[in-house]
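Here is how the chains run, residue by residue.
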Amino acid sequence: SFKDSDGKQNLLSWMRETDNVAPEGSPWASSMSLPLSISISDGRLHTSFHKNLDSVITKELAIKSEEHQALGGAFRLKISMCRNHSQNESTISLISPENRVLILNKTDELLVYSENVLQFRIPANNLMEMGSSLDLVLDHETLELLWNKNSGIGALRLFPSENWLLDVDNLDLECCSVKVFT
């Protein structure tokens, strides 16, 4: 934990490998998380990616449903949904030659899978609260995400990849938004 130049409290985590050995294809084992700004509101701890991340990941790409978007090895997704979201199941896929990450939006929950293994189960009402969203940063081989007004946090280790394909399927873009930043 540390204070930044603005005097705000921040946090870094050590993302350790289970056996502290570099996964196949990676030059290193474990890594530091992205810096998170932390605060307490309504009796809950809230986190957000440090504001300096916005100065590094600046270019916003337009996303259209039913179209594939090629992405490099590092990017940020901001996904928001509203209460009027249709009850149809929608899928956001991130696919590389080495990885497959699925974000499945069901009527009552959001599921995040990596290689067909459920990693995170997020109740839908946590994402449809005013001001809530899913904020995901993928940096070559680590994926970090925040949800539920930034009170939920998670991270995944992926095989290193420089080529990703984003596919947004059946998402009501009149009500929801998917923003990609590189």
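Bear in mind the structure is a predicted one, so any value in this text is a computation, not a measurement.

Rules of the game
- Residues numbered from 1 in each chain as written.
- Predicted model: local features only at pLDDT ≥ 70, side-chain atom pairs only at ≥ 80, totals over all residues.
- Heavy atoms only, no water.
- 1 Å grid on protein atoms, 1.4 Å probe; cavity = no way out; pocket = protein on both sides within 12 Å on 5 of 7 lines; lining within 4 Å.
- Points joined across faces, edges and corners; volume = space filled by probe spheres on them.
- Helix = DSSP H or I, 4+ residues; strand = E, 2+ residues; numbered from the N terminus.
- Buried < 20%, exposed > 50% of the residue type's maximum accessible area, 1.4 Å probe, protein only.
- Lys, Arg positive; Asp, Glu negative; His and termini not counted.
- Salt bridge = Lys/Arg side-chain N within 4 Å of Asp/Glu carboxyl O.
- Polar contact = N/O pair within 3.5 Å; in protein donor to acceptor, adjacent residues only side chain to side chain.
- Pairing = 2+ DSSP bridges.
- Phe/Tyr/Trp six-rings, centres within 6.5 Å; stacked < 30°, edge-to-face > 60°.
- Patch = residues over 30% accessible without salt bridge, like charges linked within 9 Å, V, L, I, M, F, W, Y side chains within 5 Å.
- Areas by Shrake-Rupley, 256 points an atom, 1.4 Å probe, with all protein chains shown as cover.
- pLDDT = per-residue confidence, 0-100.

**Some words on the layout of surface pockets**
To locate leftover empty space, one rolls a probe as large as a water molecule over the atoms. Approximately 160 Å³ is the volume attributed to the largest pocket. Lining the largest pocket are Met15, Arg16, Glu17, Thr18, Ser31, Thr142, Ala155, Leu156 and Arg157. With three residues, strand β16 (residues 152–157) is the single largest residue contributor to the lining of the largest pocket.

**So, the side chain of Asp4**
Secondary-structure assignment places Asp4 in the loop between β1 (2–3) and β2 (9–11). Although Asp4 is buried, it makes no salt bridge; Lys51 carries the closest opposite charge, 5.7 Å away. In terms of polar contacts, Asp4 uses its side chain to reach the side chain of Asn10, at 3.3 Å.

**Regarding the pairing of strand β10 (residues 90–95)**
Counting buried positions along β10 gives five out of six residues, so the element sits mostly inside the fold. Sheet topology places β10 next to strand β11 (residues 100–105); six bridges connect them, and they run antiparallel. Within β11, the residue paired with Ile92 across the bridge is Ile103. Joining the antiparallel neighbours β10 and β11 is a turn of four residues.

**What about the packing of aromatic side chains?**
The full count for this structure, using the stated rule, is two aromatic pairs. Aromatic pair Phe75 and Trp164: ring centres 6.3 Å apart, planes at 75°, arrangement edge-to-face. In this pair, Phe75 sits in strand β9 (residues 74–80) while Trp164 sits in strand β17 (residues 164–169), placing the two residues 89 residues apart along the sequence. Considering the side-chain rings of Phe120 and Trp147, the 5.6 Å spacing of their centres and the 55° angle between planes classify their relative orientation as tilted. Of this pair, Phe120 sits in strand β13 (residues 117–123) while Trp147 is found in strand β15 (residues 142–147), placing the two residues 27 residues apart along the sequence. Per residue, the accessibility class of Phe120 equals that of Trp147, and both read buried.

**Observations regarding a nonpolar patch on the surface**
There is a patch of nonpolar side chains on the surface, built from Phe2, Leu12, Trp14 and Met32 and spanning about 400 Å² of accessible area. Topologically, Leu12 is positioned in the loop between β2 and β3 (14–15).

**Details of the confidence of the model for the chain**
Per-chain confidence: the chain averages 81 in pLDDT, with 86% of residues scoring 70 or above. When mean pLDDT is taken per element in the chain, β1 scores highest with 94 and helix α2 (residues 124–128) scores lowest with 66.

**Some remarks on the sheet that holds β16**
With respect to topology, six strands assemble into an open sheet ordered β7-β18-β9-β14-β15-β16, the strand pairing being antiparallel. At either end of the open sheet lies a strand with only one pairing partner, and these are β7 (60–61) and β16. Two elements, β9 and strand β18 (residues 177–181), share five bridges in a ladder whose sense is antiparallel. By the bridge assignment for β18, Arg76 is matched with Phe181.

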